[in-house]
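Residue-level structural notes
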Amino acid sequence: MRVPSCTVQAIPVASGIAIGRVMVFHSTSLPVKDIKITPAQKDEELARFHAALEITKVQLAELQTKLRAKLHDSDADIFEAHLLLVDDRTMISEVEKSISEELYDAESAIYRAVDKFAAAFSAVEDSYLQERAIDIRDVGSRIVGNIADAGQQMLAYDEPRIVIAPTLTPSETVGLNRDKVLGFAVETGSATSHTAILARSLKLPAVVGMPRDLLDSLTVADKLIVDGFSGKVIVNPDAATEEAYRLKQREAERIFRQLSDESELRAVTTDGFSVEIAANVEASEDYNEIRRQGANGIGLFRTEFIFMDENHLPDEDEQFEIYKKLMISAGNDPVTIRTLDIGGDKLNSGISRTPEQNPFLGLRGIRLCLRERRDLFDTQLRALMRAGMHGNMQIMLPMISCMDELRETRQIIESLKKELSARGVPFADNIPLGVMIETPAAAMTADRFAAEADFFSIGSNDLIQYTIAADRSNERVGHLYRPGHPSVLRLIKYTVTEAVKQNIPVSVCGQIAEDMAMIPFLLGLGVNELSMSPGAIPLVKKLIRSCSMHECAELAEQAMLCNDSAEVMQLSRKMIHQRVPELADI
Ligand code: PEP
Ligand code: MG
């Protein structure tokens, strides 16, 4: 049964219009144990279970071979035990029975069987058998992960679809098959949640804040229009509405194409001030394509996205190859690579060893690298220094809140240089080291940091959440998370002023760098560079070429005296309406 036609207002997080049928995404991170099926679905669920078992066997065998090369045989043998479990007849029959007789879906059936067996092992007073309980759970999650694997889920459909889900984690988003997805409509998140950032980098329209009861009632038979400009979602539209949106879709594409044709032009204001425009990348995207969109370099490479696969962390050589390839394709253009920023909403349980009560305030980014995963940090820094030989690299550190973090990293780099020299490995000796200004602590001590850092990059997504104390990925406090809050502008102003005094460059690489209403203030406050998702570059360049630095500076001064974000935004919207009316609604 299809859901009756209706329209809901969600929160737009990635622009564009998607029209298509629904794909209900089953999250790998939610251990659901009681999803029932109809008798007619039994065979399909059994097939999903067996397909996942086969994938799991191959994965485990591969892991075992890989680990044998690196570890003692006895450590690699742990996967031998896992392989035996995957073949265990009792376990397999239990799952099959749960699907065919008790009518649970494959995921629920696996969790139930795993619970049953693990509980039995845990109850035995023998430490060896108790540990087997952990193995059973581990194997169980791996099989469920493979069942729910996004790629697998999508293979079921021959045409691309709109993905709906209560939540979609960054690693799940990365795992989606781009060719099979038209857009996203999810319940949780915000414009600066990492899932939204990825949607923009994949150039897929997306909205968050979808009502949960609606998501629960949608099925694969329902059709949606997702308007990533306004946030409207139309369920099972009538023919006239669908046609109107198809027109809007074509019109938006036309404007984007037109702007893309001008994207080679430099971003120079009408009174002659030039602004550097760079791209944010989340994986090893094709730099030539990014350059075509109008970027002069990479302002932020979020390297944590190459660490999202919990079953495989890239080693030094693998990372070296990724960074080197990017450096070579960028030629002389600057490439700013951020060290691992795991934590917050970018989780990888294979990296963070302890669950966090407050992930955004916990051992995240540089904290995790220095305190708990020096091994990964050293490996990454070595790979970066080696790849730095191949182009114009800068390294930047995320989540900095005190000077010690910068100083300690410098010391680590110095000792790694000695290590590489001793081994005769070539590396770049003088890679600039910058800090991200994304905590109020770093912003308020920008004078101190500017004396020791080579450059600043303002990570406004985090700076806003930490300043206003409003979780960036929680749509329930989305009304408080306001980029134009005068406190945020004041912190940016202080940061830029201190950077200018010490003569170091300062860029902005958070979402506000592509937010039309925020850009005039950033320019007016003296920001030298904006780094953003590549798809936004043509629009941003158009805006910059349409206004003067003089008026931006005046606007920024007025904003400092505003009471709240609404007043601030009114100032810039008015200016945009006058200068570039065609962009006002985008
Ligand atoms: C930021 O915080 O603004 C930023 C660019 O980093 P991320 O969004 O990856 O946290
Ligand atoms: Mg950040």
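To keep things clear, this report deals only with the structure shown in the data block. (Residues numbered from 1 in each chain as written. Chains lettered and ligands numbered in written order. Predicted model: local features only at pLDDT ≥ 70, side-chain atom pairs only at ≥ 80, totals over all residues. Heavy atoms only, no water.)

**Re the overall build of the chain**
When you go through the chain residue by residue, the secondary structure sums to 23 helices and 16 strands. Out of the 586 residues in the chain, the part that is buried amounts to 53%. Surface accessibility of the chain: about 25500 Å² in total, with carbon and sulfur atoms responsible for 52%. For the chain, the distance from the average site of its 64 positive side-chain charges to the average site of its 87 negative ones is 3 Å. (Helix = DSSP H or I, 4+ residues; strand = E, 2+ residues; numbered from the N terminus. Buried < 20%, exposed > 50% of the residue type's maximum accessible area, 1.4 Å probe, protein only. Areas by Shrake-Rupley, 256 points an atom, 1.4 Å probe, with all protein chains shown as cover. Lys, Arg positive; Asp, Glu negative; His and termini not counted. Charge placed at Lys NZ, Arg CZ, Asp CG, Glu CD.)

**Examining the sheet that holds strand 8 (residues 232–235)**
Strands sit in the order 1-8-7-3-4-5-6-2 across an open sheet of 8 strands; the sheet is mixed. In this open sheet, the two edge strands, each paired with only one partner strand, are strand 1 (6–9) and strand 2 (11–14). Taking the axes of each pair of neighbouring strands and ignoring which way they run, one obtains an average angle of 30° across the sheet. When strand 4 (residues 161–165) meets strand 5 (residues 181–186), the two strands line up parallel, connected through 5 bridges. Looking at strand 5, one finds that alanine 165 is bridged to valine 186. Across the sheet, helix 8 (residues 194–201) touches strand 2, strand 5 and strand 6 (206–208), and the angle it forms with strand 2 is around 55°. Lying on the sheet, helix 10 (residues 239–261) is in contact with strand 3 (17–24), strand 7 (223–227) and strand 8; it crosses strand 3 at an angle near 120°. (Pairing = 2+ DSSP bridges. Axes fitted to C-alpha atoms, helices over the stretch in contact; angles between N-to-C directions. Contact = heavy atoms within 4.5 Å.)

**With respect to the site of ligand 1**
Ligand 1 sits among 17 residues. The nearest are Arg302, Arg338, Gly459, Asn461 and Arg472. Here arginine 302 contributes a side-chain N or O atom positioned 2.7 Å from an oxygen atom of ligand 1. Take arginine 472: an N or O atom from its side chain is 2.7 Å from an oxygen atom of ligand 1. Its free accessible area being 290 Å², ligand 1 has 100% of it covered by the protein chains. Listed by contribution, the elements that provide at least two residues to the shell around ligand 1 are helix 8, strand 10 (298–302) and helix 18 (460–468). When residues in the shell around ligand 1 are grouped by element, the largest group, 3 residues, is from helix 18. Each residue belonging to the shell around ligand 1 can be placed in one class, and the counts come to 4 nonpolar, 5 polar and 8 charged. (Near = heavy atom within 4 Å. Polar contact = N/O pair within 3.5 Å; in protein donor to acceptor, adjacent residues only side chain to side chain. Nonpolar A, V, L, I, M, F, W, Y, C, P; charged D, E, K, R; others polar.)

**Overview of the side chain of glutamate 45**
Structurally, glutamate 45 can be placed in helix 1 (residues 42–70). With relative accessibility at 7%, the residue glutamate 45 sits in the buried group. Other than its neighbours up to four places away in sequence, glutamate 45 contacts Ile37, Ile99, Asp105, Ala106 and Glu107.

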